[in-house]
Amino acid sequence: MRRIPGPDARAVAVVAALGSLWLLVALILSPRQDLLGVAMALGCVLLAIVTGVAVTAARQAGPAAPPAPTAPVHPLAQTPGIDADTLETLGDREAVRAMRDRYRPDASR
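Residues numbered from 1 in each chain as written. Predicted model: local features only at pLDDT ≥ 70, side-chain atom pairs only at ≥ 80, totals over all residues. Heavy atoms only, no water.

**Re the packing of helix H1 (residues 9–29) against helix H2 (residues 35–61)**
Any two packed helices are characterised by the angle at which their axes cross and by the distance between the axes.
Here is step 1: Closest axis-to-axis distance for the H1/H2 pair is 8 Å, and the angle between their directions is 155 degrees. When the interaxial angle is binned, H1 and H2 end up roughly antiparallel. In this structure, the crossing between H1 and H2 has a hand that is left-handed.
Here is step 2: Grouping the constituent residues of the contact of H1 with H2 by class yields 19 nonpolar, five polar and one charged. (Axes fitted to C-alpha atoms, helices over the stretch in contact; angles between N-to-C directions. Helix = DSSP H or I, 4+ residues; strand = E, 2+ residues; numbered from the N terminus. Parallel < 35°, antiparallel > 145°, perpendicular 65-115°, else oblique. Left-handed = near helix turned anticlockwise from the far one by under 90°. Nonpolar A, V, L, I, M, F, W, Y, C, P; charged D, E, K, R; others polar.)

Pasting the structure below:
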């Protein structure tokens, strides 16, 4: 199952701050003494808390680290002709030496 990535912490902080500010202005311009006024005040406090948490998350995230550089490869480097499993199965030092001699690049060829 694929996870849908959530919005960035900065975007959440901006939207929550705007919502909190809008509710605060609405409460100041039209003071209400009923259930709707209480719900608006609680919504303003909740959005202010979400704004604070999102700002803290954005600060702690920091910049993304660049990928680690890869090790440089020498242009004349060759892959060995024998793998580790072959050397393990041989086990005999003379057979291993003969295999190395056989695959060693020879300058006379």
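Right, picking up where we left off after that structure.
**Things to note about a nonpolar patch on the surface**
Here is step 1: Judged by side-chain polarity, Leu21, Leu24, Val25, Ile28 and Leu29 come together as a nonpolar surface patch covering roughly 510 Å² of accessible area.
Here is step 2: For leucine 21, the position within the fold is in helix H1. (Patch = residues over 30% accessible without salt bridge, like charges linked within 9 Å, V, L, I, M, F, W, Y side chains within 5 Å. Areas by Shrake-Rupley, 256 points an atom, 1.4 Å probe, with all protein chains shown as cover. Salt bridge = Lys/Arg side-chain N within 4 Å of Asp/Glu carboxyl O.)

**Quick notes on the nonpolar core**
Here is step 1: Judged by nonpolar contacts, Leu23, Ala26, Leu27, Met40 and Cys44 together constitute the single largest core of five residues.
Here is step 2: Sorting the residues of this core by element identifies H1 and H2 as the ones contributing at least two each.
Here is step 3: Broken down by element, the residue count for this core peaks at three residues, all from H1. (Core = buried A, V, L, I, M, F, W, Y, C linked by side-chain atoms within 4.5 Å. Buried < 20%, exposed > 50% of the residue type's maximum accessible area, 1.4 Å probe, protein only.)

**Digging into the confidence of the model for the protein chain**
Here is step 1: With 72% of its residues at a pLDDT of 70 or more, the protein chain shows a mean pLDDT of 79.
Here is step 2: Per-element mean pLDDT across the protein chain ranges from 67 in helix H3 (residues 84–90) up to 93 in H1. (pLDDT = per-residue confidence, 0-100.)

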